[in-house]
Amino acid sequence: IWGLLQILDDGGDLTHWIYKKYPNMFKKIKGIVEESVTGVHRLYQLSKAGKLCVPAMNVNDSVTKQKFDNLYCCRESILDGLKRTTDVMFGGKQVVVCGYGEVGKGCCAALKAMGSIVYVTEIDPICALQACMDGFRLVKLNEVIRQADIVITCTGNKNVVTREHLDRMKNGCIVCNMGHSNTEIDVASLRTPELTWERVRSQVDHVIWPDGKRIVLLAEGRLLNLSCSTVPTFVLSITATTQALAMIELYNAPEGRYKQDVYLLPKKMGNKVDMNVIKGGFCYIFLANCFSIYQGEEFFLYPMMALHVDCLEIPSTDC
Ligand SMILES: NC(=O)c1ccc[n+]([C@@H]2O[C@H](COP(=O)([O-])OP(=O)(O)OC[C@H]3O[C@@H](n4cnc5c(N)ncnc54)[C@H](O)[C@@H]3O)[C@@H](O)[C@H]2O)c1
């Protein structure tokens, strides 16, 4: 006989499974901690339908997740992913980045720093303005698709790059996705008899048009960095730390603080993650039954890395 006190989920599948198979377990469960956009979306749907029976913590929208997992992680791994798969030289390349959210901002910053000419497409006026203020050319995808050397999707949206766009790309254009799942590039539309697919190396396909034009499709439209590059352990560690803090918060919260709803991690908890990392204190990787990162808590800890950043002012008061 086994039981659960909390659910730590990434995508909402475990939560869904417990709801379907073991609904009685929710009598003892103190809360759900959810990591991903998709899982959080599912939790909000449950909450809206009045079916969420325990409090849930939305880790996806916490600052430590958004900035490290989305922005800084993608800023590093976009170059790694492109380099490992194509050995492309970035300087002077015309790159279109679709979406200027956290992931898009990271990709644009990295490519600009490498000397690429970066164009941005956006549908949100504020993010569009931010792209302009940061010195990127705001364009419509149709306007630049013929001249692009690299097209990267980072929108979380569907069919951002359509078959029409793919038809108009120039020979050798590299196409990849850093956003959601495998739905941003309409890869299914390329599985037609007139196009030939040639696997040139792992995660790299040439799709060849009847006139000989080739586009270079990476990871079949799945997330480039998760499929083709490494993800910094530092980032994983921060995300794990944030998740653990959310679990501690839910577990220790006095009766009634959290109702059957979806909550953001309190900002002071996010600060604790930052300060714990900066202080050089510790970042820990967690085993399934390991719940605490804090000194003084009686749990099983696995030190993963220790950082020492001497040049920062650390407030003497407890953060
Ligand atoms: N590759 C990774 O490691 C990684 C890490 C974190 C998040 N993600 C995923 O990346 C996606 C984006 O995350 P984010 O944090 O940047 O989200 P975000 O909401 O901050 O940014 C997405 C941006 O895309 C814009 N957009 C939407 N549809 C568009 C379209 N058709 N054309 C142009 N712009 C469009 C939106 O207006 C928004 O500004 C999400 O699906 C997220 O799950 C990937």
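Provided above is the structure to which this section pertains.
Residues numbered from 1 in each chain as written. Predicted model: local features only at pLDDT ≥ 70, side-chain atom pairs only at ≥ 80, totals over all residues. Heavy atoms only, no water.

1. What to know about the sheet that holds strand β5 (residues 117-121)
On the basis of which strands lie adjacent, the open sheet formed by eight strands has the order β6-β5-β4-β7-β8-β11-β10-β9 and mixed pairing. Each having just a single partner strand, β6 (137-138) and β9 (196-201) make up the two edges of the open sheet. Judged from the four bridges that link them, strand β7 (residues 150-153) and strand β8 (residues 174-177) form a sheet pairing that is parallel. Among the inter-strand pairings, Thr153 is bridged to a residue of β8, identified as Asn177. Of the strands in this sheet, β7, β8, β9, β10 (204-208) and β11 (214-218) are in contact with helix α3 (residues 63-86), which crosses β11 at around 125°. (Pairing = 2+ DSSP bridges. Helix = DSSP H or I, 4+ residues; strand = E, 2+ residues; numbered from the N terminus. Contact = heavy atoms within 4.5 Å. Axes fitted to C-alpha atoms, helices over the stretch in contact; angles between N-to-C directions.)

2. Some details on the nonpolar core
Ile78, Leu82, Leu111, Ile152 and Met178 are the most contacted members of the largest nonpolar core, which has 31 residues in total. Among residues more than four places away in sequence, those in contact with Ile152 are Ile78, Leu82, Val95, Val96, Val97, Cys98, Leu111, Cys176 and Met178. In this structure, Ala148, Val161, Val207 and Leu217 belong to the second largest nonpolar core, which totals 23 residues. (Core = buried A, V, L, I, M, F, W, Y, C linked by side-chain atoms within 4.5 Å. Buried < 20%, exposed > 50% of the residue type's maximum accessible area, 1.4 Å probe, protein only.)

3. Re helix α5 (residues 125-133)
Given 3.6 residues to a turn, an α-helix orients residues that are three or four positions apart in the same direction. Here α5 has its buried residues at Cys127, Ala128 and Ala131. When α5 is viewed along its axis, its buried side chains cluster within an angular range of 105° and face the same direction. Away from the buried face of α5 by more than 90 degrees, exposed residues Pro125, Ile126, Leu129 and Met133 are located. Here the buried face of α5 lies against β5 and β6. Its side-chain oxygen at 3.2 Å from the backbone nitrogen of Ile126, Asp124 defines the N-terminal cap of α5. The positive-phi residue at the C-terminal boundary of α5 is Gly135, with phi of around 90°. (Arc of directions from axis to C-beta. Polar contact = N/O pair within 3.5 Å; in protein donor to acceptor, adjacent residues only side chain to side chain.)

4. Topic: a nonpolar patch on the surface
A cluster of nonpolar side chains, namely Trp2, Leu14, Trp17 and Tyr22, defines an oily patch on the protein surface of about 390 Å² accessible area. Mapped onto the fold, Trp2 is located in the segment before β1 (6-9). Relative accessible area serves as the criterion here: at 47%, Trp2 is assigned to the partly exposed category. (Patch = residues over 30% accessible without salt bridge, like charges linked within 9 Å, V, L, I, M, F, W, Y side chains within 5 Å. Areas by Shrake-Rupley, 256 points an atom, 1.4 Å probe, with all protein chains shown as cover. Salt bridge = Lys/Arg side-chain N within 4 Å of Asp/Glu carboxyl O.)

5. Quick look at the packing of aromatic side chains
Following the criterion strictly, the structure yields six aromatic pairs and no others. Through successive ring pairs, a cluster of aromatic residues spans Phe68, Tyr72 and Phe234. Sitting over the face of the ring of Tyr251, Lys30 holds its NZ or CZ atom 4.8 Å from the ring centroid. Just above the ring of Trp209 sits the side chain of Lys213; from NZ or CZ to the centre is 4.1 Å. (Phe/Tyr/Trp six-rings, centres within 6.5 Å; stacked < 30°, edge-to-face > 60°. Lys NZ or Arg CZ within 6 Å of the ring centre and 35° of its normal.)

6. Topic: the site of the ligand
Taken together, 22 residues lie near the ligand, and Asn70, Val103, Glu122, Asn157 and Asn225 sit nearest. Between Glu122 and the ligand, the recorded distance is 2.5 Å, taken from a side-chain N or O atom to an oxygen atom. The separation between an oxygen atom of the ligand and a polar side-chain atom of Asn225 is 2.8 Å. The fraction of the free accessible surface of the ligand (850 Å²) that becomes covered by protein chains is 80%. Those elements that place two or more of their residues in the shell around the ligand are α3 and α4 (102-113). The element best represented in the shell around the ligand is α3, accounting for three residues. Each residue belonging to the shell around the ligand can be placed in one class, and the counts come to eight nonpolar, ten polar and four charged. (Near = heavy atom within 4 Å. Nonpolar A, V, L, I, M, F, W, Y, C, P; charged D, E, K, R; others polar.)

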